[in-house]
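Summary of the model geometry
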Amino acid sequence: MTIVLATRNPGKISELSVRLDGLDVSLVTAASLGAPEVDEDADTLAGNATKKALALWEHAGDPALADDTGLEVDALGGAPGVHSARFAGSNADSNDNRRKLLADLAGAETRTARFRTVLAYADEDGVRTFEGVCEGIVATEEAGTAGFGYDSVFRPVEGDGRTFAQMSAEEKNQISHRGRALDAFVDWMRAADPTPHANP
């Protein structure tokens, strides 16, 4: 069985490949198939993930797995949330996004936040979604060089004080939002009689 991964982010591809290694599937990427990029203009993470998975399923004809992830910061009213990848502007990169986040939180008394990932799996039976959440705080400065995105400023509650970017991939995957969403997906795939359903 072939599953097409919608993400073009090398870091995400690596995480997905490691987590799905125990399944009897072959993984290919959207980029390798020449699939067009999808405009992530939905109002929710689930909406974006579903939109990408369906578009890829229609393009490739193979089951497709897409995700959308957001960092929800309580002091910012849940922002950047669904706009995490474009927090500092449409042409911003991860460095710009982290700098804006730290600037916006300067002097904040509360720095609690959470990463939320929604995976969407699309095939001939429709779409099924899986969610993972990791609670933590936004650090006052960057630490670590591993990972990607906001990893260098996020300290998970279940960790030992290090940011995601200071952890090995294995350590991060044990407690991360994406790891938990993938665990739910893998459990479903391994179930004796999974029954996908179309989301409204």
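You'll find the structure just up there.
An account of the accompanying structure is given in this report. (Residues numbered from 1 in each chain as written. Predicted model: local features only at pLDDT ≥ 70, side-chain atom pairs only at ≥ 80, totals over all residues. Heavy atoms only, no water.)

With that settled, consider the packing of aromatic side chains. A full pass over the atoms with the stated rule returns 8 aromatic pairs. Residues Phe 115 and Phe 164 carry aromatic rings whose centres are separated by 6.2 Å and whose planes lie at 20° to one another, so their mutual orientation is stacked. Residue Phe 115 is found in strand β5 (residues 112–123), and its partner Phe 164 is found in the loop between β7 (154–156) and α4 (169–175); the two are separated by 49 residues along the sequence. Judged by centre distance (5.4 Å) and plane angle (35°), the rings of Phe 154 and Phe 164 are tilted. (Phe/Tyr/Trp six-rings, centres within 6.5 Å; stacked < 30°, edge-to-face > 60°. Helix = DSSP H or I, 4+ residues; strand = E, 2+ residues; numbered from the N terminus.)

A rise of 1.5 Å per residue sets the reference length of helix α2 (residues 45–60), with its 16 residues, at 22 Å; its end C-alpha atoms lie 22 Å apart and thus fit the reference within 8%. Listing the buried residues of α2 in full gives Leu 45, Asn 48, Ala 49, Thr 50, Lys 52, Ala 53 and Leu 56. Looking at the buried positions of α2, the neighbouring elements they touch are β1 (2–5), β3 (64–73), β5 and β6 (126–138). Directly beyond the C-terminal end of α2, a positive phi value near 80° is found at Gly 61. (Expected span 1.5 Å × (residues − 1). Buried < 20%, exposed > 50% of the residue type's maximum accessible area, 1.4 Å probe, protein only. Contact = heavy atoms within 4.5 Å.)

Let us look at the packing of helix α1 (residues 10–19) against helix α5 (residues 177–190). Helix-helix packing is characterised by the crossing angle of the two axes and by the distance between the axes. It is the contact of α1 with α5, at a shortest axis distance of 10 Å, that shows an interaxial angle of 40°. Here α1 is positioned oblique relative to α5, judged by the angle of their axes. Here the hand of the crossing between α1 and α5 comes out right-handed. Only Arg 178, Gly 179, Leu 182, Asp 183 and Val 186 of α5 make contact with α1, whose side of the interface consists of Lys 12, Glu 15, Leu 16 and Arg 19. Across the contact of α1 with α5, the residue classes break down as 3 nonpolar, 1 polar and 5 charged. (Axes fitted to C-alpha atoms, helices over the stretch in contact; angles between N-to-C directions. Parallel < 35°, antiparallel > 145°, perpendicular 65-115°, else oblique. Left-handed = near helix turned anticlockwise from the far one by under 90°. Nonpolar A, V, L, I, M, F, W, Y, C, P; charged D, E, K, R; others polar.)

We now examine helix α3 (residues 94–104). When α3 is considered as a whole, its buried residues turn out to be Asn 97, Arg 98, Leu 101 and Leu 102. Projected onto a plane normal to the axis of α3, the buried residues spread over an arc of 130° and lie on a single side. For α3, exposure combined with an orientation more than 90 degrees from the buried face picks out Arg 99 and Ala 103. Contacts from the buried residues of α3 go to β3 and β6. If you check the start of α3, you find a side-chain oxygen 3.1 Å away from the backbone N of Asn 95, and it comes from Asp 93. (Arc of directions from axis to C-beta. Polar contact = N/O pair within 3.5 Å; in protein donor to acceptor, adjacent residues only side chain to side chain.)

The next thing to look at is the side chain of Asn 173. Mapped onto the elements, Asn 173 comes out in helix α4. Excluding anything up to four places from it in sequence, Asn 173 contacts Glu 15, Val 18, Arg 19 and Gly 179.

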